[in-house]
Amino acid sequence: MKDLERHRLNELPHDATEASHIRYQLARDIAERCPTPLGLEVVLTGSASHGFSDEFSDIEMVFYSDQIPSTENRQSWLYEIDADQSSFDAEPIEDGSIWATFRYQGIWVEAGWQTFNAHERLLHDILAASIIDHPRLTLAEITACAVPLRTQGQLAHWQEQLTHYPDQLQRRLITGATELWMFPHLIEMRWVMARRGQWLLLRDRLIRAVYDVLRILFAVNKQWEPEWKWLDAVVASLSIKPERLVERINAIASMSLSEQSVAACLQLVLDTLLLIPPPYIVSRSVAMLQESLRKHGYSE
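Residues numbered from 1 in each chain as written. Predicted model: local features only at pLDDT ≥ 70, side-chain atom pairs only at ≥ 80, totals over all residues. Heavy atoms only, no water.

Draft legend 1. The pattern of salt bridges, seen in detail. Inspection of the entire model under this criterion finds 9 salt bridges. Between K222 and D167 there is a salt bridge; the shortest N-O distance is 2.2 Å. Placement of the pair is K222 in the loop between helix 10 (199-220) and helix 11 (231-235) and D167 in helix 8 (residues 167-178), with a sequence separation of 55 residues. By relative accessible area, which is 34% here, K222 ends up partly exposed. As a salt-bridge pair, R294 and E291 come within 3.0 Å of each other at their nearest N and O atoms. With a gap of 3 residues between them, R294 and E291 both fall in helix 14 (residues 283-295), about one helical turn apart. (Salt bridge = Lys/Arg side-chain N within 4 Å of Asp/Glu carboxyl O. Helix = DSSP H or I, 4+ residues; strand = E, 2+ residues; numbered from the N terminus. Buried < 20%, exposed > 50% of the residue type's maximum accessible area, 1.4 Å probe, protein only.)

Structure follows, in structure tokens:
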């Protein structure tokens with residue numbers, strides 16, 4: 001929970017990149033220039049809040065209020081602070097937030113507006129394990145690692161709630177990501193796709209398997225799953241994981257599609273399932289994967 005303590009103190013990581021500090025300072029400037037009705041609570045999220053930013057990174061910010069301000073009011077404010085090339089989403093996205101993009105002092109900014117009530121409902125549903133889809137579930141990690149730029153204490157309250165990772169959520173995620181591998185005919189279809197040369201479909205199935213591996217590992221470690229953009233950094237804190245995890249994922253994603261890529265993917269899935277502790281029972285899935293690899297000549 002050290003990350004949560006650090007973010008409560010309004011700090012970037014001690015090893016944050018220079019690009020992260022630059023974006024943090026620009027975000028602070030934007031927040032200071034934001035009228036209170038447009039953002040009672042303003043936070044920095046994304047790569048800068050983690051300290052990962054590089055020269056290509058944008059700034060991600062979220063503005064919380066009782067009601068989402070109108071496009072006209074947001075547009076007028078961005079004009080006043082000399083933001084340029086601004087564009088505004090016409091409709092909110094699935095979580096109820098609405099977004100705008102603009103350039104500020106030469107750096108792109110993605111800014112979202114969300115109401116307190118909508119954000120709190122989503123966090124409640126995540127903590128109740130009612131939400132398990134990856135896009136919405138990442139809200140927990142985004143909130144947990146946000147850095148306050150203007151706060152009334154709401155962010156600290158949300159982050160305190162997120163110090164607890166629900167057992168029920170772990171159970172739903174692990175169950176959902178492992179049940180496929182109980183069925184030998186579904187495993188066999190990966191090999192069939194390679195033999196048929198169905199490369200688009202095969203790549204989709206392999207990437208889905210890799211995402212399931214990551215979801216299993218974050219659930220096993222009881223860590224909120226992040227976006228997968230900064231893979232090296234986000235898996236570094238996992239204490240339970242297969243050896244050479246990042247290297248193996250990158251190899252699967254970049255190698256030419258063939259039976260060898262199928263084998264590499266299935267072996268990674270197998271190694272991940274072997275790390276799942278009781279009370280979860282994945283012995284059938286383990287046996288099916290082992291048999292499939294053995295059948296196709298790839299058993300260790």
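Draft legend 2. Focus on the sheet that holds strand 5 (residues 107-115). The sheet built from 6 strands is open, its strands ordered 3-4-5-2-1-6 with mixed pairing. Edge positions in the sheet fall to strand 3 (84-88) and strand 6 (147-150), since each of these pairs with one other strand and no more. For this sheet, the mean angle separating the axes of adjacent strands, direction not counted, is 25°. Taken together, the 5 bridges between strand 1 (residues 41-45) and strand 2 (residues 59-65) define a ladder with antiparallel strand orientation. Directly across from T45, in strand 2, lies its bridge partner E60. Strands in contact with helix 7 (residues 154-161) are strand 1, strand 2 and strand 6; relative to strand 1, the strand with the most contacts, it is inclined by about 55°. (Pairing = 2+ DSSP bridges. Axes fitted to C-alpha atoms, helices over the stretch in contact; angles between N-to-C directions. Contact = heavy atoms within 4.5 Å.)

Draft legend 3. Representation of helix 5 (residues 116-127) within the structure. For helix 5, spanning 12 residues, the distance from its first C-alpha to its last is 16 Å, which sits close to the expected 16 Å at 1.5 Å a residue. For helix 5, the set of buried residues is F116, A118, H119, L122, L123 and I126. Against strand 1, strand 2, strand 5, helix 6 (134-144), helix 7 and helix 8 lie the buried residues of helix 5. (Expected span 1.5 Å × (residues − 1).)

Draft legend 4. Main features of the environment of E259. Along the polypeptide, E259 turns up in helix 13 (residues 259-273). Given a relative accessible area of 24%, E259 falls into the partly exposed group. Spatially, the C-alpha atom of E259 lies 8.4 Å from that of R190, the residues being 69 residues apart in sequence. Among all residues touching E259, those that are not within four sequence positions of it are W191, A194, R195 and Y298. In this structure the side chain of E259 is engaged in a polar contact, spanning 2.9 Å, whose partner is the side chain of R195. (Polar contact = N/O pair within 3.5 Å; in protein donor to acceptor, adjacent residues only side chain to side chain.)

Draft legend 5. Geometry of the nonpolar core. One finds W224, V235, L266, L273, I276 and L289 to be the most contacted residues of the largest nonpolar core, which totals 64 residues. Leaving out residues up to four positions away in the same chain, L273 has contacts with T178, I216, V282, S285, V286 and L289. With 29 residues, the next largest nonpolar core counts I30, A31, A48 and I98 among its residues. (Core = buried A, V, L, I, M, F, W, Y, C linked by side-chain atoms within 4.5 Å.)

Draft legend 6. Inspection of the side chain of S20 at higher detail. Within the fold, S20 resides in helix 2 (residues 18-32). For S20, a relative accessible area of 0% corresponds to the buried category. Not counting residues up to four positions away in its chain, the partners in contact with S20 are L12, S47, A48, G51, F52 and S53.

Draft legend 7. Spatial organisation of the packing of aromatic side chains. Under the defined criterion, the tally for this structure stands at 10 aromatic pairs. A centroid spacing of 5.6 Å and a plane angle of 55° characterise the contact between F218 and W228, whose relative ring orientation is tilted. Taken as a pair, F218 in helix 10 and W228 in the loop between helix 10 and helix 11 lie far apart in primary sequence, 10 residues in all. A residue is classified by how much of its surface remains accessible, and W228, at 15% relative accessible area, is buried. A connected cluster of aromatic rings, assembled from ring pairs, spans F63, W77 and W113. Directly above the ring of W113 sits R74, whose terminal nitrogen or CZ lies 5.0 Å from the centroid. (Phe/Tyr/Trp six-rings, centres within 6.5 Å; stacked < 30°, edge-to-face > 60°. Lys NZ or Arg CZ within 6 Å of the ring centre and 35° of its normal.)

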